[in-house]
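# Structure at a glance
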Amino acid sequence: MSRSWSRTSHVILGAATALAVLTACGGGEDGAAPGSDGKPVSVTFWGWAKGSKEVVDAFNASHKDIRVVYEEIPSGNAGGYAKISNAVKAGNAPDLVSIEYPQLPEFVSQGSVQDISEYLTDDIKKKLLPQAVELTTLGGKNWAVPFDASPQAFYYRKDLFEKYGVEVPTTWDDFRKAAEKVKQADRKARIGTFFPDDPTTFQAMAWQAGAQWYKAEGDTWKVNTTDEATTRTARYWQGLIDDDLIRANASFSPEWTNSLKSGGTVGYLGAAWGAGVLKGTLPEQSGKWAVAPMPCWDGTPASGMLGGSTFAVSKNSEKAEAAVEFATWMSTTPEGVKARIASGTSSAFPAATALRPVAKAAFDAGYFGGTDIYQVFEGAATSIRPDWAWGPTTGTSNTVIKDQFGKVASGDTTIAEAVKAGHDATVTELRKRGLKVEDAG
């Protein structure tokens, strides 16, 4: 795992040069010491991850100097990031926000979050996967506390796979054959879903195939979304859609959920945190699901990362020290990890490597027939492909791709054309921000 993560992180760190011009505006106020006036410091926290409320409750029950007020907001791609950005602009953002790795450079470049280097001490960072710390380091500064990693995984209805005589696919060729067999066995059933509202799922697939959309070389960003890996991935998923072998529903929508409940969809291509999503969404299907490594292209295990969360202090906060103390407790203590996982709705794969046994012990694997899902996640993590980097205009890229993906199922555009539109918007936005760009796609 360390070699793949390290190579990936090296590219991320290379982006620091290109971001340096922008990160200078990301400073904030000094944090207030918890309990400095004799009263608990009140820290506001916005997030959406499963188990967050339980973590806040556990923290408040065990701490006297800091009290956390939690507000659940929509997931980032479903409006959460827009809500955070608007709150920062209005000057009323919460102290702490949940931000996934792909979006962090965007928030840093916009000056929406604070440099927390003085609070993220070496003792804290030593508890975390070094490469996860690097993923939250830009311009030599720490901008967030990493919480989890998110290697890909394939969840499937074991009972229906057995009923239909479908073998669990290990390659993408096998996956297409399995998709055909599922449809043949039940005309109304499909093996999985293409999420038109979630570009990050497709990006993880491109990452897994070996794509490298953004690369920082000195002070120049090289942008390339027409490489062989991306082209192959786009062509593959377009074929599944064109041949009606996969559904096209918004992620976690009522349509998606109802299809899973009815057996109309028998698989879910997600990430480590997806186990908790299924368990929390479909409790009545306990024992029917299993998890397997993500299918790969050439038989060699490979994975991208789908999401993965960090905790950042907003520009508006004057309580950075207390906010980081809470974030650190969530990410690096057995009590914090256990509180999240024991909620039964989260299967997060901690960035704090020593706490993975805690997460494994806290998650009731009975839902998956006793399968050691954390062993599957460990294997997936070791196969994360190197050389993927996130750029400072991810929001722009994903907004355009999402808009275009919404037209794919109707045939008004293609996945490849949607990605190209996102590419063009990315190049334009980078140049608009005064960054040098090499347009390789």
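One can find the structure itself at the top, above this paragraph.
Residues numbered from 1 in each chain as written. Predicted model: local features only at pLDDT ≥ 70, side-chain atom pairs only at ≥ 80, totals over all residues. Heavy atoms only, no water.

## Brief notes about the overall build of the protein chain
Rules: In DSSP terms, a helix is any run of H or I states spanning at least four residues, a strand is any run of E spanning at least two, and both are numbered starting from the N terminus. As defined in this context, the radius of gyration uses C-alpha atoms, and a globule is described by 2.2 Å times the residue total to the power 0.38. Categorising residues by exposure relies on relative accessible area from a 1.4 Å probe, with only protein chains included: less than 20% of the type maximum marks a residue as buried, more than 50% marks it as exposed, and the intermediate range marks it as partly exposed. What makes two residues a contact is simply this: any of their non-hydrogen atoms within 4.5 Å. Computed with the Shrake-Rupley method and a 1.4 Å probe, the accessible areas treat only the protein chains shown as cover for residues. The positive count covers Lys and Arg only, the negative count covers Asp and Glu only, and His and the chain ends enter neither. The atoms used to mark charge sites are NZ of Lys, CZ of Arg, CG of Asp and CD of Glu.
A tally of helices and strands in the protein chain yields 18 helices and 17 strands. Relative to the globule expectation of 22 Å for 441 residues, the C-alpha radius of gyration of the protein chain, 21 Å, shows essentially globular dimensions. Considered along the principal axes of its C-alpha atoms, the protein chain spans approximately 70 × 50 × 40 Å. Going through the 441 residues of the protein chain one by one, you find that 58% of them count as buried. For the protein chain, the share of sequence-separated contacts (at least 6 apart) that also reach a separation of at least 24 residues comes to 79%. For the protein chain, the accessible surface area stands at approximately 17,000 Å², while carbon and sulfur atoms represent 48% of it. Averaged over its 45 positive side-chain charges, the protein chain has a centre that lies 3 Å from the centre of its 51 negative ones.

## A look at the environment of Ala144
Considering the arrangement of structural elements, one finds Ala144 in the loop between strand 5 (141–142) and strand 6 (145–146). Once the C-alpha coordinates of Ala144 and Ile99 are considered, the two residues, 45 residues apart in sequence, prove to be 8.4 Å apart.

## Points about the pairing of strand 10 (residues 214–217)
Quick reminder of the rule: By this definition, two strands are paired if DSSP reports at least two bridges between them.
Alternating positions in strand 10 separate cleanly, Tyr214 and Ala216 being buried on one face and Lys215 and Glu217 remaining unburied on the opposite face. Where strand 10 lies against strand 11 (residues 220–223), four bridges are found, and the strand directions are antiparallel. In the strand pairing of strand 11, Tyr214 is matched with Val223. Here strand 10 folds back onto strand 11, and the loop between the two strands holds two residues, one of which, Gly218, carries a positive phi near 65 degrees.

## Observations regarding the packing of helix 9 (residues 199–209) against helix 17 (residues 394–405)
Stated formally: Under this scheme, a helix contributes an axis fitted over its contacting stretch, all axes are lines through C-alpha atoms, and angles between N-to-C directions fall in the 0 to 180 degree range. In this scheme, roughly parallel covers angles under 35 degrees and roughly antiparallel covers those over 145, while 65 to 115 is roughly perpendicular and the rest are oblique.
Close contact between helix 9 and helix 17 brings their axes to 9 Å; oriented N to C, the two are set at 100 degrees. In this view, helix 9 runs roughly perpendicular relative to helix 17, as classed from their interaxial angle. Across the interface between the two elements, Pro199, Thr200, Phe202 and Gln203 of helix 9 pack against Asn398, Ile401, Lys402 and Phe405 of helix 17.

## Side note on the packing of helix 8 (residues 172–185) against helix 10 (residues 228–242)
Rules: For this scheme, ten residues count as nonpolar: Ala, Val, Leu, Ile, Met, Phe, Trp, Tyr, Cys and Pro. Four count as charged, namely Asp, Glu, Lys and Arg, and the remainder, Gly too, count as polar.
The interhelical angle for the contact between helix 8 and helix 10, taken along N-to-C directions, is 5 degrees, at an axis separation of 11 Å. Comparing their axes, helix 10 and helix 8 come out roughly parallel. Residue-level inspection shows Trp172, Phe175 and Arg176 of helix 8 in contact with helix 10, the latter providing Tyr236, Trp237, Gly239 and Leu240. Among the residues making up the contact of helix 8 with helix 10, the classes are represented as five nonpolar, one polar and one charged.

Keep in mind these numbers describe shape, not what the thing actually does.
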